[in-house]
Amino acid sequence: MAALLKPMYRRLAVVGYRRISTPAVEKPLLPLVFHWSFQERHNSSLVDAGGGFGKMLASPQRYYVFGGKGGVGKTSMAASLAVKFANHGEPTLIASTEPSRSLGDLFEQDTSDGKTVRVDGFDSLFAVEIGHMKLKGKPQDVGSYINNLLGKMGLGTHPDIMSMLNEMLTIIPPGLDEAVLLSELIKSIEVQGLDKLRRIVLDAPSTGHTLKLLSASDWFQKFLVLSIKVINVASSMPTSNMSLKNVQVISAKLEELRKQIARMREILFDPQSTEFIIVTIPTMMAVSESSRFHASLMKDGVDARRLIVNQVLPPSASDCRFCAAKRREEARAFRAILEDHQLGGLKLIQAQLLDMEVKGVPALRFLSDSVWK
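Okay, so let's go over this structure.

Conventions adopted
- Each chain has its residues counted from 1, running along the sequence as written.
- Confidence filtering applies because this is a predicted model: local features only for residues at pLDDT of at least 70, side-chain atom pairs given and counted only at 80 or more, and all residues used for totals across whole chains, interfaces and linings.
- Side-chain numbers here rest on the full set of heavy atoms in the structure, without hydrogens or water.
- A pair is scored as a salt bridge if a Lys or Arg side-chain nitrogen falls within 4 Å of a carboxyl oxygen belonging to Asp or Glu.
- Each residue is placed in one exposure class: buried if its accessible area under a 1.4 Å probe, protein chains only, is under 20% of its type's maximum, exposed if it is over 50%, and partly exposed if it falls in between.
- For helices the rule is a DSSP run of H or I covering at least 4 residues; for strands it is a run of E covering at least 2, with both sets numbered from the N terminus onward.
- In what follows, a contact means two residues having at least one pair of non-hydrogen atoms within 4.5 Å.
- A fitted line through C-alpha atoms serves as each axis, taken over the contacting stretch for helices, and the angle formed by two N-to-C directions is quoted from 0 to 180°.
- Here the angle decides the label: under 35 degrees means roughly parallel, over 145 means roughly antiparallel, 65 to 115 means roughly perpendicular, and every other value means oblique.
- Amino acids outside the nonpolar list (Ala, Val, Leu, Ile, Met, Phe, Trp, Tyr, Cys, Pro) and the charged list (Asp, Glu, Lys, Arg) are all regarded as polar, and Gly is one of them.

### Comments concerning the pattern of salt bridges
Part 1: Throughout the structure, instances matching the rule amount to 13 salt bridges.
Part 2: Where R305 meets D303, a salt bridge forms, and the shortest distance between an N and an O atom there is 2.6 Å.
Part 3: Of the residues examined, R305 reaches a relative accessible area of 36% and is grouped as partly exposed.
Part 4: Through salt bridges with shared partners, one network takes in E90, R198 and R199.

And the structure:
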């Protein structure tokens with residue numbers, strides 16, 4: 001009863017009561033009220049207020065990656081899909097690679113220690129945050145380790161070997177920590193098997209960081225291939241003072257890590273396994289960044305099918321001057337989306353701006369039902 005004294009929970013309880021006591025009736029989507037001639041185009045079949053959740057539920061896809069400009073509500077949208085899957089009995093993990101610890105704040109539960117925890121109120125929903133974690137040492141330490149290893153083998157000053165490694169070490173890309181941690185997470189997920197976790201929802205960092213993560217994984221895989229070759233060649237040289245057994249152990253560990261990174265890339269780039277979902281808001285700046293993001297994903301061969309436009313003003317018969325101006329801005333943004341050759345072909349989903357903060361399981365259940373239909 002105490003929880004119902006809070007305005008948000010009171011509203012959610014009323015909504016829940018109405019849904020339970022009233023038979024489900026298919027209602028037509030109320031058109032958004034625009035003050036431009038764009039209204040007819042905006043209400044076309046390109047705009048789908050539902051997320052096509054029935055098809056997602058029947059799909060064999062396992063991974064859903066949410067990306068977009070910072071502050072557009074990626075974490076909330078990702079959490080809403082995870083909640084929707086869990087509500088349908090799908091064992092689901094939501095993992096955040098965001099540097100901030102917003103996932104725990106959203107569920108009002110501590111998820112910050114890097115360990116998977118069950119979300120309170122669910123039997124089949126789990127959460128983990130890895131974005132704020134760092135590898136032991138810095139990315140450069142991988143190169144330092146190999147340099148030290150070659151030194152122990154008596155090859156630390158070999159000019160050809162050192163020049164190849166140093167050339168790679170001078171261009172270490174950002175996102176390497178996240179790439180390795182994400183690969184470890186995927187490895188642990190696959191070890192558990194499909195019966196343990198049926199769906200995995202990834203809350204990716206902002207657009208730039210997501211692209212850096214993908215490029216870093218490619219760089220690291222190439223670096224490991226080169227390192228394995230260097231160590232194997234170096235071990236056969238007369239100046240080497242390391243036993244063949246030790247060299248084989250080290251090469252095997254590096255090869256295992258290389259396969260782990262390769263497996264992560266295989267999953268993320270496989271449209272049968274993974275879908276990227278872009279989240280934006282109805283402003284021109286956000287739409288422009290989303291277009292560039294989608295172009296980069298397409299260039300890399302990553303599959304993206306859905307665009308969520310978050311924080312859309314709800315329908316209204318009349319508007320104040322401020323709301324009218326915001327609707328004109330939204331109309332421009334939707335026009336830009338539909339005319340954009342990068343975004344126009346995506347399945348468009350609108351998530352309305354709510355009059356409450358989306359925080360806690362009741363609010364996330366409400367959001368999931370309003371977005372994913």
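### Quick look at the environment of G175
Part 1: Mapped onto the secondary structure, G175 falls in the loop between α7 (159-169) and α8 (176-192).
Part 2: In this structure the C-alpha to C-alpha distance between G175 and A216, which are 41 residues apart in sequence, comes to 5.7 Å.
Part 3: If we ignore the near neighbours within four places in the chain, the residues touching G175 are K212, L213 and A216.

### Some remarks on the packing of helix α4 (residues 74-87) against helix α13 (residues 361-371)
Part 1: Their axes nearest at 8 Å, the elements α4 and α13 cross at an angle of 90 degrees. For the element pair α4 / α13, the angle class is roughly perpendicular. Between α4 and α13, the contacting residues are S76, M77, A79, S80, V83, K84 and N87 on the first element and L364, R365, L367, S368, D369 and V371 on the second.
Part 2: Its residues placed into classes, the contact of α4 with α13 shows six nonpolar, four polar and three charged.

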